[in-house]
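Coordinate analysis (summary)
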Amino acid sequence: MSSTSVPGEGQRDASLRAGFRAALPYAAVGFLLSMSFGILARDSGFPAEAAIVMSAIVFAGSAQFAAVSILASGGTAGAAVAAAALMNSRFLPMGIALGPSLPGRAAWRAAQGQAVVDASWAMSNRGDGTFDRWFLFGSTAPQYVTWIAGTTLGALGGDLFSDPSRFGLDAIYPTFFLALVISEVKDRTTLVIAVVGGLLALSLVEVAPAGLPVLAASLVALWGLRRGRAA
Amino acid sequence: MTATVWWTIAGCTVVTAIIKGIGPVALGGRDVPPRLTGVITLMAPALLAALVVTSTFATGDRWHVGAHTVGVAVGGVVLLRRGPLIVAVVLAVAVTAGLRAIT
């Protein structure tokens with residue numbers, strides 16, 4: 001039994017298109033971001049095809065940056081994968097939030113969950129605890145394409161930028177997420193949650209392994225239990 | 001090195017797929033428990049703000065403020081004035097690169 005009616009095909013296509021359009025700015029920035037990833041990967045000793053394959057099948061920016069940085073500093077594959085897992089740990093609460101909005105059998109739901117990337121997840125959130133999954137798929141599609149295209153350009157043309165930080169490319173990632181935060185802050189509660197979540201993560205940066213501070217910030221959302229009871 | 005690279009890619013692929021799949025498998029296809037709704041709606045601002053702050057005021061596992069912090073702040077001003085994301089990003093990059101060039 002589901003409380004939401006099954007959307008018709010018109011509704012589905014409208015959601016797909018709306019998601020696609022809404023994601024275009026993020027896809028454009030994702031192109032620049034993945035270009036800087038391609039450059040970094042080549043600088044770290046990745047063959048160009050490895051950088052491109054990684055973007056195509058891992059498709060998780062912060063995890064890819066973390067893994068490559070660890071290999072570059074002499075770490076093992078195990079350490080790189082562990083760091084990637086920690087960076088991706090935020091997809092755990094995101095997936096839990098999304099779960100009830102996905103229909104079908106377990107394997108099919110897990111497959112649909114692969115479409116989650118930060119911008120798509122945030123934008124497909126209807127704000128009432130449910131998600132528009134077609135909007136999610138529509139917005140992930142262009143981001144996936146530009147993610148691979150940018151990596152390819154960076155990996156193959158990376159020799160032009162031997163030191164990506166000199167060109168300020170490290171400012172892309174935080175600005176990308178800042179845009180998402182600003183669109184999520186709709187009232188005083190969300191503003192306070194964003195500030196407290198940010199401060200909590202920052203306070204853990206020097207003591208916890210990379211990725212954990214961000215995961216810990218999701219605990220701040222438990223404040224919503226209190227709000228749910230008051231409503 | 002090349003074998004390490006491919007093992008890393010394989011490992012990252014598997015852990016990412018598992019992590020993204022767990023939530024939907026555990027809680028899929030049900031109505032949202034009302035008490036969870038408030039938590040879900042607050043997760044995005046908390047997680048996304050944490051990503052911004054840790055990438056703006058830290059490098060790796062050290063607090064670090066630098067040219068990119070200023071660049072991101074300039075990009076933030078553009079975003080708060082409802083400027084387009086791509087303009088904010090290009091300005092953030094330009095300011096960061098400019099500051100690094102003169103320091």
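Bear in mind that the values here come from a model prediction, so they are computed numbers and not experimental data.

1. Structural notes on the overall build of chain B
The number of helices and strands found in chain B is four helices and two strands. Along chain B, helices (α) and strands (β) appear in the sequence α-α-β-β-α-α when read from the amino end. Since a compact globule built from 103 residues should have a radius of gyration of about 13 Å, the 19 Å found for chain B marks it as more spread out than a globular shape. In terms of overall dimensions, chain B has C-alpha extents of about 55 × 45 × 25 Å along its principal axes. Here chain B holds 103 residues, and the buried ones make up 50% of them. When contacts within chain B are restricted to residue pairs at least 6 apart in sequence, those whose partners lie at least 24 apart make up 26%. For chain B, the exposed area adds up to about 4,800 Å²; of that, 72% sits on carbon and sulfur atoms.

2. Quick word on the interface of chain B and chain A
Listed by partner, the interface residues are 69 residues for chain B and 98 residues for chain A. With both sides pooled, the region where chain B packs onto chain A buries about 7,100 Å², and carbon together with sulfur makes up 77% of that total. At the boundary of chain B with chain A, the tally comes to two salt bridges. In this structure, Arg62(B) and Glu206(A) form a salt bridge, with 3.8 Å as the shortest nitrogen-oxygen distance. Looking at the side of chain B that touches chain A, the elements with two or more residues in it are helix H1 (2–27), helix H2 (34–56), strand E2 (62–63), helix H3 (67–80) and helix H4 (85–102) of chain B. Of the residues that constitute the side of chain B that touches chain A, the class distribution is 41 nonpolar, 21 polar and seven charged.

3. Describing helix H10 (residues 188–204) of chain A
The end-to-end C-alpha distance of H10(A), which contains 17 residues, comes to 24 Å, matching closely the 24 Å that a straight helix rising 1.5 Å per residue would cover. You can read the cap of H10(A) off the contacts: a side-chain oxygen lies 3.3 Å from the backbone nitrogen of Thr189(A), and it is on Asp187(A).

4. Description of the pattern of salt bridges
Where charged atoms from two side chains of opposite charge approach closely, those side chains can pair. All names here are of chain A. Using the criterion set out here, one finds five salt bridges over all chains in the structure. Between Arg-12 and Asp-13 there is a salt bridge whose closest N-O contact spans 3.8 Å. On the accessibility criterion, Arg-12 (29% relative accessible area) is partly exposed.

5. Concerning the confidence of the model for chain A
For any part of a model where pLDDT is low, the fine detail of the predicted coordinates should not be relied upon. Considering every residue of chain A, the mean pLDDT works out to 89; 92% of them sit at 70 or more. Mean pLDDT across the elements of chain A ranges from a minimum in helix H12 (residues 223–230) of chain A, with 68, to a maximum in helix H2 (residues 48–57) of chain A, with 97.

6. Brief notes about the environment of Val5(B)
Inspection of the secondary structure puts Val5(B) in helix H1. What makes Val5(B) buried here is its relative accessible area of 0%. Apart from residues lying up to four places away in sequence, Val5(B) is in contact with Phe46(A), Pro47(A), Ala50(A) and Leu71(A).

7. Some thoughts on the packing of aromatic side chains
All names here are of chain A. Within this structure, the stated rule accounts for seven aromatic pairs over all chains. Here Phe-37 and Phe-65 contribute two aromatic rings whose centre-to-centre distance is 5.6 Å and whose plane-to-plane angle is 80 degrees, an arrangement assigned as edge-to-face. With Phe-37 in helix H1 (residues 9–43) and Phe-65 in helix H3 (residues 61–72), the pair connects residues that are 28 residues apart, well separated along the chain. Within the aromatic cluster, the residues linked to one another by ring pairs are Tyr-26, Tyr-173, Phe-176 and Phe-177. Positioned above the aromatic ring of Trp-134, the side-chain terminus of Arg-12 is 5.1 Å from the ring centre. Between the NZ or CZ atom of Arg-90 and the centre of the ring of Phe-91, over which it lies, the distance is 4.7 Å.

Thresholds applied
- Residues numbered from 1 in each chain as written.
- Chains lettered and ligands numbered in written order.
- Predicted model: local features only at pLDDT ≥ 70, side-chain atom pairs only at ≥ 80, totals over all residues.
- Heavy atoms only, no water.
- Helix = DSSP H or I, 4+ residues; strand = E, 2+ residues; numbered from the N terminus.
- Rg over C-alpha atoms; globule rule 2.2 N^0.38 Å.
- Buried < 20%, exposed > 50% of the residue type's maximum accessible area, 1.4 Å probe, protein only.
- Contact = heavy atoms within 4.5 Å.
- Areas by Shrake-Rupley, 256 points an atom, 1.4 Å probe, with all protein chains shown as cover.
- Buried area = accessible area lost by both parts, 1.4 Å probe.
- Salt bridge = Lys/Arg side-chain N within 4 Å of Asp/Glu carboxyl O.
- Nonpolar A, V, L, I, M, F, W, Y, C, P; charged D, E, K, R; others polar.
- Expected span 1.5 Å × (residues − 1).
- Polar contact = N/O pair within 3.5 Å; in protein donor to acceptor, adjacent residues only side chain to side chain.
- pLDDT = per-residue confidence, 0-100.
- Phe/Tyr/Trp six-rings, centres within 6.5 Å; stacked < 30°, edge-to-face > 60°.
- Lys NZ or Arg CZ within 6 Å of the ring centre and 35° of its normal.

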